Amino acid sequence: MQWRSLVVCVVVLRLSVSLWLAFGLGAYVSLGTSHSDSGGAEEPSTGERKSGDSWSQRTNGYEHDETTGTCAKVAGESPKRSYLSFFDGNKDDYVRRYSTFPGTLKDTMKEKAREMFYFGYDNYMKYAFPKDELNPIDCEGRGPDVHNPSNININDVLGNYSLTLIDVLDTLLVLGNVTEFQRAVELVIDTVSFDKDSTVQVFEANIRILGSLISAHILLTDSKHPFGRVSFDGYDNQLLNLAHDLAVRLLPAFENTSTGIPYPRVNLKTGVPSGSINETCTAGAGSLLVEFGILSRLTGDSTFESVARRAVRALWKLRNSETGLLGNIVNIQTGHWVGKQSGLGAGMDSFYEYLLKSYILFGEREDYAMFQAAYASIQNHLRRGRESCNEGEGDPPIYVNVNMMSGEIMNTWIDSLQAFFPGLQVLNGDVENAICLHAFYYAIWKRFGALPERYNWQRQAPDVLFYPLRPELVESTYLLYQATKNPFYLHVGMDILQSLENNTKVRCGYATLHHVVHKSKEDRMESFFLSETCKYLYLLFDEDNPLHKSGNKYIFTTEGHVMPVDKRFREKGWSGKCLREDDALLQTTTTTEQPARNTSNCIRIPDSRRYTLPLKSVYMRQIDQMVGLL
């Protein structure tokens, strides 16, 4: 009878292999073999990889070949491994590394994230407060560059109003430190004034200052007490009053503009400076609605939401009629596009983010209709690569920068801000696409221990080499973990945390990386490192955080500030609608009329995948090869 058993085993094995090949996996067996750089050349100082047949080189000339993908081509040129090796998970480096994450290690990482925050925060309070930022190398404070008003890299953000302290208020509560939160609130009330001769960017003041003041006020007065009773005697809406005062000082940006799109900068004392430029970016002008809208609904004053909505509608009216895309820089007087690049990164990112988040908060259907149409255009014109993230043949999906008029690729780089997009895709229910795009950015992080500000996917090298401690990849990692509970994302968070400790920690905090290859540093710790990067890292490892356990729902602003999803924000404290110049301008193409390609839904991901890799090993290996790791 032994020979019969043997025959049965052979038949079953052959049937298994046939099914495996039928589902499209057989073509990828050869990807198990690593490919080294030709000639063993040493990596150049820019981080550029030299390879004879890389994914990016096959897209040279910006042509996307729909028929020939990475996997198929590599499979045809590489020695094949036995299919039996793929049945042994112990031999798969990806499975072995990422499939489990012990609870004790999670606790350790949570404490490491807490220590990271307090190392930066305590040193800011010791060496820098009341200035805006900490210089972590010299252990000094930093304020606006008063000697060089044209230094907008500094002056757009720093307004001489204790920026870092304000920006971290809700982070202190997320970390459970009620006592320090109350002390910080009292310091803000006692020391901060916006009656300053400071010219700041409207967008930055909105997301970093206004959003944090509103968030902290809501948490102080929330009757649901998600963090316990955190208010204190003497609190009488002072943070809300400060927020209102700041917003009033930002309103001149919306005056004397024929389109309703605001000027990019205002002086907090005098309004729009004389000689101001008439150009602004789409994200800067179109990402004010969350904070301005909540302020209007808290105060009953429709002015703030009205001007913010008018700006969004004005931008939406200017989208291209053929592609549905917007550009990245617009003239606020003529409405002409100065920059016709359409992408997901700098200049455009939070515009899309706030269309969806405004709908979640306020329930206005026009916000969701605009988001649906925008997302369909993004999927149709910006997305390149195979149709499905986790199956089939072809290049890994990425989102490229295109001309808003034609949809043709304009360049071969993407920037680090685009790493926020997987998190937005999670909120939209498109988890499969989020998984793939996140894996691409994580592969870049693994290679450099940071995200270069711009990465050229054709050259497999950074175009802009600095990393200012940005939070976008951590944010998407956190949201993907909340959606999937897959331990892979805990490993990603641990890798990011350890890279930050090893590569950016200095004497008094964490410093911007000037060069992601050489790891040279700049003496600056931007406020978003504490308000976002550390917050998302901590929440990733803190399963029992009140934000996860209270039963209430929250979203995060583009600066990571906590905002409750509350029915009171779906009610207006004023009669009538917000300012609407022409309802015809708001006619949008919904996804029903213009179906988006390559979209999926959360329900497509079965529970059985929670403890397997979110992306099959063969595709992870393909992405690692694509960025020069293999």
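Relevant structure appears above.
Residues numbered from 1 in each chain as written. Predicted model: local features only at pLDDT ≥ 70, side-chain atom pairs only at ≥ 80, totals over all residues. Heavy atoms only, no water.

Caption draft 1: Main features of the side chain of His438. Residue placement: His438 occurs in helix H17 (residues 431–448). When its relative accessible area of 0% is taken as the criterion, His438 is described as buried. Not counting residues within four places of it along the chain, the set of residues in contact with His438 comprises Pro422, Leu473, Ser476, Thr477, Leu480, Phe488, Tyr489 and Val492. (Helix = DSSP H or I, 4+ residues; strand = E, 2+ residues; numbered from the N terminus. Buried < 20%, exposed > 50% of the residue type's maximum accessible area, 1.4 Å probe, protein only. Contact = heavy atoms within 4.5 Å.)

Caption draft 2: Representation of the state of the cysteines in the model. If you walk through the whole model with that rule in mind, you get two disulfides. The partner cysteine of Cys389 in its disulfide is Cys436, sulfur to sulfur 2.4 Å. The S-S bond linking Cys389 to Cys436 shows a torsion near 95°; that makes this disulfide right-handed. In this pair, Cys389 is assigned in the loop between strand E9 (383–384) and strand E10 (398–399) and Cys436 in helix H17, connecting sequence segments 47 residues apart. Residue Cys389 shares its accessibility class with Cys436, and that shared class is buried. (Disulfide = S-S within 2.5 Å.)

Caption draft 3: Broad picture of the sheet that holds strand E12 (residues 413–415). One open sheet holds the three strands; their spatial order is E12-E13-E14, and the pairing between them is antiparallel. Two strands lie at the open edges of the sheet, namely E12 and strand E14 (461–464), each paired on one side alone. Between one strand axis and the next, the sheet turns by 35° as a mean value, whatever way the strands run. Pairing of strand E13 (residues 454–456) with E14, which is carried by three bridges, proceeds in the antiparallel orientation. Looking at E14, one finds that Arg454 is bridged to Val464. (Pairing = 2+ DSSP bridges. Axes fitted to C-alpha atoms, helices over the stretch in contact; angles between N-to-C directions.)

Caption draft 4: Main features of the nonpolar core. Tyr121, Phe292 and Phe440 are the most contacted members of the largest nonpolar core, which totals 174 residues. When residues in this core are grouped by element, the largest group, 13 residues, is from H17. (Core = buried A, V, L, I, M, F, W, Y, C linked by side-chain atoms within 4.5 Å.)

Caption draft 5: Just helix H13 (residues 303–317), in detail. In this model H13 runs 21 Å from its N-terminal to its C-terminal C-alpha over 15 residues, within 8% of the 21 Å that 1.5 Å per residue would give. Most of H13 sits inside the fold, with 12 of its 15 residues counted as buried. What H13 keeps buried is the set Phe304, Glu305, Ser306, Val307, Ala308, Arg309, Ala311, Val312, Arg313, Ala314, Leu315 and Trp316. (Expected span 1.5 Å × (residues − 1).)

Caption draft 6: Inspection of unusual backbone geometry at higher detail. Here the amide bond leading from Phe129 into Pro130 is cis, since omega sits at 10°, within 30 degrees of zero. Relative to the assigned elements, Pro130 resides in the loop between helix H4 (103–127) and strand E1 (133–135). Non-glycine residue Cys139 carries a positive phi angle of around 60°. The residue Cys139 is located in the loop between E1 and strand E2 (140–142) in this model.

Caption draft 7: Fine view of the pattern of salt bridges. Counted under the stated rule, the structure contains 30 salt bridges. Between Asp544 and Lys549 there is a salt bridge whose closest N-O contact spans 3.9 Å. By relative accessible area, which is 58% here, Asp544 ends up exposed. For the salt bridge of Asp566 with Arg568, the shortest nitrogen-to-oxygen distance reads 3.5 Å. The structure contains a network of salt bridges with shared partners spanning Glu133, Arg142, Glu204, Arg208, Arg524 and Glu526. (Salt bridge = Lys/Arg side-chain N within 4 Å of Asp/Glu carboxyl O.)

Caption draft 8: Just the sheet that holds strand E7 (residues 337–339), in detail. A sheet is described by the order of its strands in space; here three strands give the open sequence E5-E6-E7, paired in antiparallel fashion. This sheet does not close on itself; its edge strands, each paired only once, are strand E5 (279–281) and E7. Taken over all neighbouring pairs, the strand axes of this sheet differ in orientation by 35° on average, direction set aside. The pairing of E5 with strand E6 (residues 329–331) spans three bridges and is classified as antiparallel. By the bridge assignment, Cys281 is partnered in E6 with Ile329.

Just distances and angles here, no functional claims.
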